[in-house]
Amino acid sequence: MLNCLPQLMTTKQISHPKIKLWMAAIKPPMYSVAIMPIWVGGAVAFAGNKVFNLAVFFTFIVAAILILAWENISNDVFDSETGIDVNKHHSLVNLTKKKTLVFWLGNLCLISGLLGILAIATWQQDPTVIGIILLCCGLGYMYQGPPFRLGYQGLGEILCFFAFGPLGVSAGYYSQTQTWSITSLAASVIVGIVTSLVLFCSHFHQVDDDIKAGKRSPIVRLGTANGAKVLTWFTASIYPFSLLFVLLGFFPVWTLLSWLSLPYAFKLCRHVQHNHNQPEKVSNCKFIAVAVHFWSCLLLGLGFVIAGV
């Protein structure tokens, strides 16, 4: 689902072209997207219940990374069948020329990740968490896999919101407490929005390729100018949401630390507004969106942890 999320290493940091392609294919820093729902869910659990199981937390983190790796790898496989990745030189299928091998590597990651979640369910004698994660996997497949390919209909951001927001954060919270929480659900709204923003930003620079492949991404549907406006509204929304939840008593005041990510949010919105129709310039907006996601979620969770100490 988030295969379009970027790696943060620039061409100045990596000089060898082949290495650059492999780093772009693997995208190590984007796995923070898998970590943050568990981090925020666990932080909410600690603040509200004074419980935090490190073994469960780190098992969940590793499992989430493996499952996201499956989504990214299988996305390359499925996109190779539609021709949309013909100009994507860092696609694993294009790099290796071994589609079947890449396909089974992705499946191995999925099985390994699900075994980690199954271990948590077994320790706790409660299948709820694995049920939630299987639903997330189903949404991930529907985004990219045949016959659904909902990402090609412009529905990827909606699936992303639910998978990494309400479902992901709730799973992280439940894995610590075996209960549900309105607070974790409120926090999941912010995590879901900011995660979807990263996927949304990945479309601006590839409108032409999307149109040729018949992919009706949100930016294809809206146009780049309207897309830039939508991006601004949704990026701005996470800050009033956090303030509202503080005023309603769902969040401790320390969660307003997440507002320290505002400089990245301003930078993202300005950059896209000025360059939305210039693919070469706007392509790096993905990198800025990752920074917004990382710092807003990290600081949101930190606010809960400080409140719980």
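Refer to the structure printed above.
Residues numbered from 1 in each chain as written. Predicted model: local features only at pLDDT ≥ 70, side-chain atom pairs only at ≥ 80, totals over all residues. Heavy atoms only, no water.

A. Examining empty space enclosed by the protein more closely. All told, the structure shown has three cavities of 30 Å³ or more when counted by the stated rule. As a volume, the largest cavity reaches approximately 210 Å³. Lining the largest cavity are 15 residues, and of these Ala-64, Ile-133, Cys-136, Ala-163 and Phe-164 sit closest to its centre. With five residues, helix H3 (residues 54-82) is the largest single contributor of residues to the lining of the largest cavity. Of the residues contributing to the lining of the largest cavity, the split by class is 13 nonpolar, one polar and one charged. (1 Å grid on protein atoms, 1.4 Å probe; cavity = no way out; pocket = protein on both sides within 12 Å on 5 of 7 lines; lining within 4 Å. Points joined across faces, edges and corners; volume = space filled by probe spheres on them. Helix = DSSP H or I, 4+ residues; strand = E, 2+ residues; numbered from the N terminus. Nonpolar A, V, L, I, M, F, W, Y, C, P; charged D, E, K, R; others polar.)

B. Region of the structure containing the layout of surface pockets. Counted as a void, the second largest pocket has a volume near 290 Å³. Residue lining of the second largest pocket: 13 residues in total, with Glu-157, Ser-196, Phe-200, Val-230 and Phe-234 positioned closest to the centre. Listed by contribution, the elements that provide at least two residues to the lining of the second largest pocket are helix H7 (156-177), helix H8 (182-201), helix H10 (218-222) and helix H11 (224-247). Among the elements that make up the lining of the second largest pocket, the one with the highest residue count is H8 (four residues). Looking at the lining of the second largest pocket residue by residue, the classes come out as ten nonpolar, two polar and one charged.

C. Spotlight on unusual backbone geometry. The peptide bond linking Pro-146 to Pro-147 adopts the cis configuration, its omega dihedral lying at 0 degrees. One can find Pro-147 in the loop between helix H6 (128-144) and H7. Non-glycine residue Lys-50 carries a positive phi angle of around 55 degrees. One can find Lys-50 in the loop between helix H2 (32-49) and H3. One non-glycine residue, Arg-149, adopts positive backbone phi at about 45 degrees. Within the fold, Arg-149 resides in the loop between H6 and H7. Judged by its relative accessible area of 15%, Arg-149 falls in the buried class. (Buried < 20%, exposed > 50% of the residue type's maximum accessible area, 1.4 Å probe, protein only.)

D. Molecular detail of the packing of H2 against H7. Orientation of H2 relative to H7, taken along the N-to-C sense of each, is 50 degrees, at an axis distance of 7 Å. Looking at the two axes, H2 sits oblique to H7. H2 and H7 meet at a crossing whose hand is right-handed. Listed contacts from H7 to Val-33, Ala-34, Pro-37, Ile-38, Val-40, Gly-41, Gly-42, Val-44, Ala-45 and Asn-49 of H2 are Phe-164, Gly-168, Val-169, Gly-172, Tyr-173, Gln-176 and Thr-177. When its residues are assigned to classes, the contact of H2 with H7 shows ten nonpolar, seven polar and no charged. (Axes fitted to C-alpha atoms, helices over the stretch in contact; angles between N-to-C directions. Parallel < 35°, antiparallel > 145°, perpendicular 65-115°, else oblique. Left-handed = near helix turned anticlockwise from the far one by under 90°. Contact = heavy atoms within 4.5 Å.)

E. Region of interest: the nonpolar core. Val-40, Ile-133, Phe-251 and Leu-268 are the most contacted members of the largest nonpolar core, which totals 82 residues. For this core, the element with the highest residue contribution is H3, accounting for twelve residues. (Core = buried A, V, L, I, M, F, W, Y, C linked by side-chain atoms within 4.5 Å.)

F. The arrangement of the environment of Leu-68 in detail. As for its placement among the helices and strands, Leu-68 is situated in helix H3. You can call Leu-68 buried: its relative accessible area is 3%. Along the primary structure Leu-68 and Gly-106 are separated by 38 residues, whereas in three dimensions their C-alpha atoms are 9.5 Å apart.

G. Layout of the packing of aromatic side chains. Under the defined criterion, the tally for this structure stands at 13 aromatic pairs. Plain terms: the ring middles of Phe-200 and Phe-204 are 5.8 Å apart, the flat faces sit at 80 degrees to each other, and that makes the pair edge-to-face. The residues Phe-200 and Phe-204 share a single accessibility class, namely buried. Their ring planes at 75 degrees and their centres at 5.8 Å tell us that Tyr-239 and Trp-259 sit as a pair that is edge-to-face. Within this pair, whereas Tyr-239 is found in helix H11, its partner Trp-259 is found in the loop between H11 and helix H12 (262-275), the two being separated by 20 residues in sequence. Looking at Tyr-239, the relative accessible area reads 4%, which means it is buried. On the basis of relative accessible area, Trp-259 is assigned to the partly exposed category, the value being 32%. Clustering of aromatic rings is evident, with ring pairs tying together Phe-241, Phe-245, Phe-250, Phe-251 and Phe-304. In this structure, Lys-215 packs its charged tip against the face of Tyr-152, placed 5.5 Å from the ring centre. (Phe/Tyr/Trp six-rings, centres within 6.5 Å; stacked < 30°, edge-to-face > 60°. Lys NZ or Arg CZ within 6 Å of the ring centre and 35° of its normal.)

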